[in-house]
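# An overview of the molecular structure
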Amino acid sequence: MSEFFSSIPKINYEGKSSKNPLSFKFYNPEEVIAGKTMKEQLKFALSWWHTMCGEGADMFGRGTTDKNWNASNNEERSANKVCAAFEIMDKLGIDYFCFHDRDVSPDYATLAESNEKLDKAVDVIVDMQKKTGKKCLWGTANNFSHPRYMSGAGTSPNADVFAFAAAQIKKALEVTVKLGGNGYVFWGGREGYETLLNTNMGLELDNMARLMRLAVNYGRSIGFKGDFYVEPKPKEPTKHQYDVDSATVIGFLRKYGLDKDFKLNIEANHATLAMHTFQHELRVARDAGMFGSIDANQGDMLLGWDTDQFPTNIYDTTLCMYEVLKAGGFTNGGLNFDSKARRGSFELADIFYSYIAGMDAFALGLRIADKLITDGRIDDFVTQRYASWQSGIGADVISGKADLAALEKYALDKGEVSTLTSSRQEMLEDIMNNIMFTL
Ligand code: XLS
Ligand code: CA
Ligand code: CA
């Protein structure tokens, strides 16, 4: 197999004092943090679309990076892409990957031909998996790029479009199972609307749930035992996307009885677009018992779109890993880099610098999150802040013993709330900084 990145060596952990840009400063795969190796805690995955396909095009200009992988036609490109992806994973020590069907192999003239060519590319992946032991984190179908999906896939007004989406999902599920994937993602790229003047919202939502139920039934029938995920996102490309945020998605899944099969795949930048913090979205999922997987990237607070930048913000990675540790860690899910190097970072070596930055940012976040938890000051503060629910009237409310009349009597007898305590936000932020910067 030819090497695509001959100037890049295997990336090793060299510790925080290293000045070698092609080394990890904080990610030490075999080091145990919070009871598991960093590799097991973080479960890093390469995303096929941005890493292997994204050439840096935006609406004002074409791509700046060549991702043709020395191929002379589409089939060869798909096969070479597999080799390049496995070389990246090998050099960075990444064990997992995730993909859309059309990242692995593009659309051809007919669905039958697309399926046939996809099978060929998947065979190359299977072969590489056998040689390397790399695993599939999740698969998905691209039900948003083809013009037929202009008004959605599962929520299209056109039943033929729904049928094509279903066919693509069936095939993507088969491929995911073949690759041993433990996850299957629904991201509702165009599942939403631009104006209610032309939209039957009730029917569209019912149909989306129908499509998901069909996917669950078929997936289970072919031996898929992993988790289905919904990835919330509020906008872009559609003005109003149905899967706005975690809370909305959880309500949807419960309404349609899909909550036993589905969990959430939370993306940092989508949280930003939904006007939430990344931690908020993770907490909502965790509290509902539906935390599944993570698309790790960051947005830009000054830009209102999905910039998919490699994560370097340590506050975000820390609070993310705090939620992951509190959720008991990943099970079927993991942490994939739904991120791309900036358009100006156009050299192939930038793929490595980007992943190193992202992996180190999450490794550092994991280290600090573990310290936040073992330090205990923040958790103790929260426990203390809610202490009034442990006994007396608080405990009576929780047990259901206190009705409205009992609460009224309690309030009348007391005359006024006796002790209000400060929320101490600034003190807690200072504790967090203290823990972060004395690591
Ligand atoms: C796009 C989404 C997409 C999903 C998978 O905004 O993040 O990349 O992760 O379809
Ligand atoms: Ca994503
Ligand atoms: Ca994204």
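In case you missed it, the structure is sitting above this.
First things first, this report covers the structure right here in the doc. Since the structure is predicted, the reported quantities are computational estimates derived from the model, not experimental observations. (Residues numbered from 1 in each chain as written. Chains lettered and ligands numbered in written order. Predicted model: local features only at pLDDT ≥ 70, side-chain atom pairs only at ≥ 80, totals over all residues. Heavy atoms only, no water.)

Secondary structure assignment for the chain yields 16 helices and 14 strands. Taken over C-alpha atoms, the radius of gyration comes to 24 Å for the chain, in line with the 22 Å a tight globule of 439 residues would show. Relative to its 439 residues, the chain shows a buried fraction of 48%. Contacts in the chain between residues at least 24 apart in sequence constitute 75% of all its contacts with a sequence separation of at least 6. (Helix = DSSP H or I, 4+ residues; strand = E, 2+ residues; numbered from the N terminus. Rg over C-alpha atoms; globule rule 2.2 N^0.38 Å. Buried < 20%, exposed > 50% of the residue type's maximum accessible area, 1.4 Å probe, protein only. Contact = heavy atoms within 4.5 Å.)

Moving on to the coordination of the calcium ion (ligand 2). Distances from the calcium ion (ligand 2) to its protein donors, Glu-231 (OE), Glu-267 (OE), Asp-295 (OD) and Asp-338 (OD), fall within 1.9 to 2.3 Å. A separation of 4.0 Å is found between the calcium ion (ligand 2) and the calcium ion (ligand 3), which are bridged by Glu-267. With Glu-267 in strand β12 (residues 262–267) and Asp-338 in the loop between β14 (335–337) and α12 (349–375), this residue pair connects regions lying 71 residues apart in the sequence. Each member of the pair, Glu-267 together with Asp-338, is buried. (Donors = N, O, S within 2.8 Å, 3.2 Å for Na, K, Ca; no water.)

Ligation of the calcium ion (ligand 3) by protein atoms is provided by Glu-267 (OE), Glu-267 (OE), Asp-306 (OD), Asp-306 (OD), Asp-308 (OD), Asp-308 (OD) and Asp-338 (OD), these donors lying 2.2 to 3.2 Å from the ion. Counting gaps between the donor residues of the calcium ion (ligand 3) yields the pattern E-x38-D-x1-D-x29-D. What makes Asp-306 buried here is its relative accessible area of 9%.

Counting buried residues along β12, five of its six residues qualify, which places the element largely inside the surrounding structure. Looking at chain direction, strand β10 (residues 227–230) and β12 are connected through three bridges and run parallel. The residue bridging Val-230 from the neighbouring strand is Leu-264, located in β12. (Pairing = 2+ DSSP bridges.)

Among the structural elements, Asp-101 can be located in helix α4 (residues 101–104). Here Asn-142 takes part through its backbone nitrogen, which lies 2.7 Å from a polar atom of the side chain of Asp-101. Contact partners of Asp-101, with chain neighbours within four places excluded, come to Leu-118, Thr-140, Ala-141, Asn-142 and Gln-168. (Polar contact = N/O pair within 3.5 Å; in protein donor to acceptor, adjacent residues only side chain to side chain.)

The full set of residues close to ligand 1 is Trp-49, His-100, Trp-187, Glu-231, Lys-233, Glu-267, His-270, Asp-295, Asp-306 and Asp-338. Between an oxygen atom of ligand 1 and a side-chain N or O atom of Glu-231, the distance comes to 2.7 Å. Contacts to ligand 1 include Asp-306, whose side-chain N or O atom sits 3.0 Å from an oxygen atom. Protein coverage of the free-state accessible area of ligand 1, which is 290 Å², stands at 94%. Within the shell around ligand 1, the residues separate by chemical class into two nonpolar, two polar and six charged. (Near = heavy atom within 4 Å. Areas by Shrake-Rupley, 256 points an atom, 1.4 Å probe, with all protein chains shown as cover. Nonpolar A, V, L, I, M, F, W, Y, C, P; charged D, E, K, R; others polar.)

Here we come to the packing of helix α11 (residues 314–326) against helix α16 (residues 425–436). The geometry of α11 relative to α16 is characterised by a closest axis approach of 12 Å and an angle of 95 degrees between their N-to-C directions. The angle between the axes of α11 and α16 places the two elements in the roughly perpendicular class. Across from Ile-314, Tyr-315, Thr-318 and Leu-319 in α11, the residues of α16 making contact are Met-432, Asn-433 and Met-436. The residue makeup of the contact of α11 with α16, split by class, is five nonpolar, two polar and no charged. (Axes fitted to C-alpha atoms, helices over the stretch in contact; angles between N-to-C directions. Parallel < 35°, antiparallel > 145°, perpendicular 65-115°, else oblique.)

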